[in-house]
Amino acid sequence: MTIDTRLPIMRDLSRKGRTNMKLATLLFYGGALGLLAVGLRELFTGFEENRCSMTYMYEYPEFRRVALPRRVARLYPAYGLYLYGEGLYAQETRELQLFGAPVLFLPGNAGSYKQARSLGSVALRKAERAEGGLHFNVFTVDFNEEMVALYGGSLWQQTHFLHESIKAILKLYKHLKTPPQSVVLVGHSMGGVVARALFMLPHFNTNRVRLIITQASPHVAPVLVLDPYLLDFYSSLRKKWVKQADELRNVTVLSVGGGHRDYQVRSGLISLPCPPGDPSKLSLVATAVPRTWVSTDHLSIVWCKELVLATVRAFFDLVDPETRQFTDNPAKKIAVLNHHFIRHPVRMLGDTQEASVSMLDAPEAWSEVNTLRLAYTTPKEVEVKYFMFALSSRRKAYSDFYCRSSNQDMTSWVYGCVHRNGSSCVHTVDLSKGAELLPPYKVLTLSLSDLSSFTHLVVSASNFNGKEFTVECEWQRHQSRTLSAPVPHVLSLGLSVSEVTVNFSGLFHTIELQHFHQVYQAFRINVASQCKVQKVGVSPSVYRMKVPWFLEDSLITASVPSVTEISGMLHTNRLDNASSVLLQLHTTPNCQYKVSVRTSFPRVLGQILRFFGPMVPVYTTVTLLLACGCQLSSIRKLGRPADISLVLGKGLQPHKVNMSVYILHILLSCTWFKDTWSLLCLPLMDVTPPIFPDTAVHNGTTPCAEWSYILHPLLYIFGAAVAFWGSMLIRLFTQLISLILAVLYRPSISRDCGTLRMRTQVLVTLSLTVVGWTTCGVLSVIAAYLFHLYRVLRLQMTERSLRHILNLAPQNHRENSRPEAKESNDMPLLSEWALREAQDDLQLHLCLSALFTVPVMLSTPSLIHWIRNLRYSTQLDPDPCWPYFVPLIVVYVLLINCDTLMLANSKLLQFTSFLPLPVSVAMVMFSPLHLYRVMYFLLGALVPLALCCVL
């Protein structure tokens, strides 16, 4: 009898190979987790500090409940309407005898009605200084802090209750001679979406709402689509506001985004879906709002004092002095909103001040400037001073006239001279309307081609209040003050730098950042200023990153000399035929400025997660599904599953999944394939989420298709990292819990521990089905998941018990030293075989348990909504889980009893083991914008797997 000595060596080599593969897998997924952590850190913390000022209540705030009709209270028991008040005002309005202009605040996702106190308190404080007793009555709606951004089943209920609240508010003013006919709505987050949804109601009188201001509201598309109700609501809303835009032109809507600090609702989603050229719909980011210039997070946008002040100032300017109610004039509303939120010029459109001005001051107050630049500092005492610039000698050599003043009083200060008398102008035209406000000063740039009717320009440096300020003006050539710098490629990883130096003196320069127009680009822009002569008391420099295609400008004020870093990131992609991003430098004269641009790899990762993060759960599910497919293939070929860490490494298959998606995407560009696709009634592909605000929600294409060839594998790696470390966490969790449960259970050596008998399976399935239909579907799914988790825990306990037996068996064998024990090895072999079976079943169910976690996580928002409304109703209506929770329960219960031997003998195993790949491809194609579809694709793979346990 010969003994093959190669067998132990081969086993050792195989064991070493598996160990090396596990180590390589750990290193790879460790690096992927590190990249994901860098991106998440940049997304959550890689922005400026919160520079918003807090709003405080000077007196104790009170919320007085407004009684609603019994029918409304019975239909919406969880909702309520309140009037905000403080101190004496709260006492005066105790009986709800109101005389102000009504404003209604709408909280957003999981928002409290008490968030209205910032708006209400500031409005009350400003009303104390207003003439004629002008004030506002700020109402607020309690939506029971529902998570409508994740569960869309209650959006219609909120919309109908809002309609009833508006009718109840207007009834409170019937005692007035001129009662208000409309209510101004201020909506935060999803509250702004609900405000626009009013116009979808068939019996809603559109004259009752003429002005809507939304704060961080995702108008383009929901952040996550976890149920079809949310998507249907958005589709109906978009259809109403786009296709019936002419009917809604009298409704003025202002949408304000928070900027990069708001990682919950990215500012690209706040744009209003409407036809181009509609002046009554304004969308902008808070960083571009004059006198605000700060980025806000999703909650601070409600209480940010700078933004609340801009809103309240606009409200006072929107009130008609005769009726003391909000004006219905659309032009007036647009002019006021433009004044306070976009440009903030000297005066608003429609002011009664005449365009022509006569100046009859003494001749000594006039000075003619013949130099190319003026720099003048007023004395502290009162002085009348005018500077006159001749246009005739400058028209050919220069293209623009630039002027700025540190006197931020928005009064007229630049004029065009029509008629001159000696050294002074006696008849001028005010040109100050084009001025705009910057943090340290107001600036005005005039094109000389538009000044052909004037002989001179007049700049007023008159000091009427005794406060010192500076005035700086200069003639400019457009060609000399405009430079260009190509930005480095996004894959340069910060190793290359693009530099440009502003050597020539001037007050204003523009640098075009060529090829900077995509959201995945992110740069660190450094501006270093240096002066040859140390200057004291000079005006600070202002650096403005201007985005031509969207109002998302950001401004930074810097001292001279200094080195300032600017975050170069976008909220939207560039439109066709639009220029690249512009970096505008309002500089100090006779100083040198050096601008360097480097790619910031951490910020690139942060931008990818900001815009494409919803695709990570899809790729996580794909990795887990393909890992289960690898387990089934291993059972079919070798008769036993592989280690979970190894199959999760094999679940990363971008060459198969993404390549198939790319091929289908290319084929869909062919007319014949697209027609065939339509004949089969297949939905459009969801390749990537919409990037630009005007991109349709159902259209997954992106302006830069070549970037997707890099983007999708990277997102796949992120999703695989989440799947790997999440599975390891579940594995660690089961080990720890099994140690605790081992005290309560006897040691077991059977692989059938934790299984259910046939009668028990039927009883559990029927019970959970009844519970799901009468309460909440996800509640039954979680219960079935816990049953399966119990099976995993018992297998873990069995595996530990058998290992302990094997560790003790050789020692007992030596102690007893029985001859029959030496000749017979039945018991040790039986224990090793039982341990092997328990380990195989444990690896299989650990993989299934990780996959089963996905439906539970994606359905949790509906469970939270059901729990919060449990005191009002025991049944969730509508329930997004109703189409699939019964099949999912059946699958969970059937797979509890599943083991490797049962799968190995199944006739459906070969078909089932090949199914995860096409299901994964379909999931990547159709689920990024519709995460709720993940459930249906999982069922498509899990139902055949459950059938393997019975066939």
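Residues numbered from 1 in each chain as written. Predicted model: local features only at pLDDT ≥ 70, side-chain atom pairs only at ≥ 80, totals over all residues. Heavy atoms only, no water.

(A) Spotlight on the overall build of the protein. For the protein, the count of helices and strands is 25 helices and 30 strands. The C-alpha extent of the protein, read off along each of the three principal axes, is 130 × 70 × 60 Å. Considering the protein as a whole, with its 951 residues, one finds that 57% of them fall into the buried category. A fraction of 82% describes how many contacts in the protein between residues 6 or more apart in sequence connect residues 24 or more apart. In the form shown here, the protein has an accessible surface area of approximately 41800 Å², with 58% of it arising from carbon and sulfur atoms. (Helix = DSSP H or I, 4+ residues; strand = E, 2+ residues; numbered from the N terminus. Buried < 20%, exposed > 50% of the residue type's maximum accessible area, 1.4 Å probe, protein only. Contact = heavy atoms within 4.5 Å. Areas by Shrake-Rupley, 256 points an atom, 1.4 Å probe, with all protein chains shown as cover.)

(B) Just the side chain of D227, in detail. The topology assignment puts D227 in the loop between β6 (211-215) and α7 (228-243). It is R933 that comes nearest to the buried, bridge-free D227 among opposite-charge side chains, at 12 Å. Within the structure, the side chain of D227 is placed 3.0 Å from the backbone nitrogen of G152, a separation counted as a polar contact. For D227, the side chain forms a polar contact with the main-chain nitrogen of L230, separated by 2.8 Å. (Lys, Arg positive; Asp, Glu negative; His and termini not counted. Salt bridge = Lys/Arg side-chain N within 4 Å of Asp/Glu carboxyl O. Polar contact = N/O pair within 3.5 Å; in protein donor to acceptor, adjacent residues only side chain to side chain.)

(C) View of the packing of aromatic side chains. Inspection of the entire model under this criterion finds 36 aromatic pairs. Relative to Y716, the ring of Y619 lies with its centre 5.0 Å away and its plane at 25 degrees, an arrangement referred to as stacked. Remark: Y716 occurs in helix α16 (residues 705-741) and Y619 occurs in helix α12 (residues 615-638); sequence separation between them is 97 residues. Neither residue differs from the other here; Y619 and Y716 are each classed as buried. Put simply, the rings of W672, F673, W677, F926 and F937 pair up and form one aromatic cluster. Positioned above the aromatic ring of W241 is the side chain of R196, whose terminal nitrogen or guanidinium carbon lies 4.8 Å from the ring centre. (Phe/Tyr/Trp six-rings, centres within 6.5 Å; stacked < 30°, edge-to-face > 60°. Lys NZ or Arg CZ within 6 Å of the ring centre and 35° of its normal.)

(D) Molecular detail of the pairing of strand β16 (residues 414-421). With 4 bridges joining them, β16 and strand β20 (residues 456-460) adopt antiparallel strand pairing. Its bridge partner lying in β20, V414 is registered against V459. The hairpin turn running from β16 into strand β17 (residues 424-430), its antiparallel successor, is 2 residues long, and G422 in that turn takes a positive phi close to 70 degrees. (Pairing = 2+ DSSP bridges.)

(E) Structural view of a positive patch on the surface. The grouping of R636, K637, K650 and K656 at the surface amounts to a positive patch. Within the secondary structure, R636 is located in helix α12. (Patch = residues over 30% accessible without salt bridge, like charges linked within 9 Å, V, L, I, M, F, W, Y side chains within 5 Å. Charge placed at Lys NZ, Arg CZ, Asp CG, Glu CD.)

(F) Focus on a nonpolar patch on the surface. Together, L35, L493, L495 and F601 make up an exposed nonpolar region whose accessible area comes to about 380 Å². Among the structural elements, L35 can be located in helix α1 (residues 6-45). L35 sits in the partly exposed class, given a relative accessible area of 31%.

(G) Structural detail: the pairing of strand β14 (residues 386-390). For β14, the buried fraction is high: 5 of the 5 residues fall into the buried class. Because side chains alternate across β14, one face comprises the buried residues Y386, M388 and A390, and the other comprises F387 and F389, equally buried. The pairing of strand β12 (residues 366-369) with β14 spans 4 bridges and is parallel. Its bridge partner being in β14, E368 is matched across the sheet by M388. Of the strand pairs in this sheet, β14 and β20 are connected by 5 bridges, and their pairing is antiparallel. Bridge pairing links F389 to L457 in β20.

(H) Just the pattern of salt bridges, in detail. Scanning all chains against the criterion turns up 23 salt bridges. The salt bridge partner of D278 is K281, with a shortest N-O separation of 3.2 Å. A salt bridge links D553 to R544; its shortest N-O distance comes to 3.2 Å. Side by side, D553 and R544 carry an identical accessibility label, which is buried. Several salt bridges converge on common partners, so that one network encompasses E59, E86, R125 and E128.

(I) Looking closely at helix α21 (residues 885-896). Given a rise of 1.5 Å per residue, 12 residues ought to cover 16 Å, and the 17 Å separating the end C-alpha atoms of α21 matches this to within 8%. Turning to α21, its buried residues number three or more, namely F885, L888, I889, V891, Y892, V893, L895 and I896. (Expected span 1.5 Å × (residues − 1).)

(J) Highlighting the nonpolar core. If you look at the biggest cluster of nonpolar residues, it comprises 111 residues, and the most contacted ones within it are L715 and L895. Not counting residues within four places of it along the chain, the set of residues in contact with L715 comprises I608, F612, M615, V616 and Y619. (Core = buried A, V, L, I, M, F, W, Y, C linked by side-chain atoms within 4.5 Å.)

(K) The arrangement of the confidence of the model for the protein in detail. Model confidence for the protein is summarised by a mean pLDDT of 86, while 91% of its residues fall at 70 or above. Note that residues 690-705 has pLDDT below 50 and, in this model, 41 contacts with residues that lie over four places away or in other chains. Low pLDDT, under 50, characterises residues 811-829; the predicted model gives this stretch 4 contacts beyond four residues in sequence or across chains. (pLDDT = per-residue confidence, 0-100.)

(L) Up close: the state of the cysteines. This structure, assessed with the given rule, holds 4 disulfides. Here C52 connects covalently by a disulfide to C304, the sulfurs 2.2 Å from one another. Because the torsion about its S-S bond is -85 degrees, the bridge between C52 and C304 counts as left-handed. Here C52, found in the loop between α1 and β1 (61-65), pairs with C304, found in the loop between α8 (300-303) and α9 (305-318); they are 252 residues apart in sequence, far enough to count as distant. In terms of burial, C52 and C304 fall into one category: buried. Each disulfide in the protein links cysteines that, numbered along the sequence, combine into the pattern 1-2, 3-6, 4-5, 7-8. (Disulfide = S-S within 2.5 Å.)

(M) How the structure looks around the sheet that holds strand β19 (residues 442-447). Sheet architecture is open: 5 strands sit in the order β13-β21-β15-β19-β18, paired in antiparallel fashion. Edge positions in the sheet fall to β13 (373-377) and β18 (436-437), since each has one partner strand and no second. Here strand β15 (residues 400-405) runs beside β19; their pairing, made up of 6 bridges, is antiparallel. Paired with C403 across the bridge in β19 is L444.

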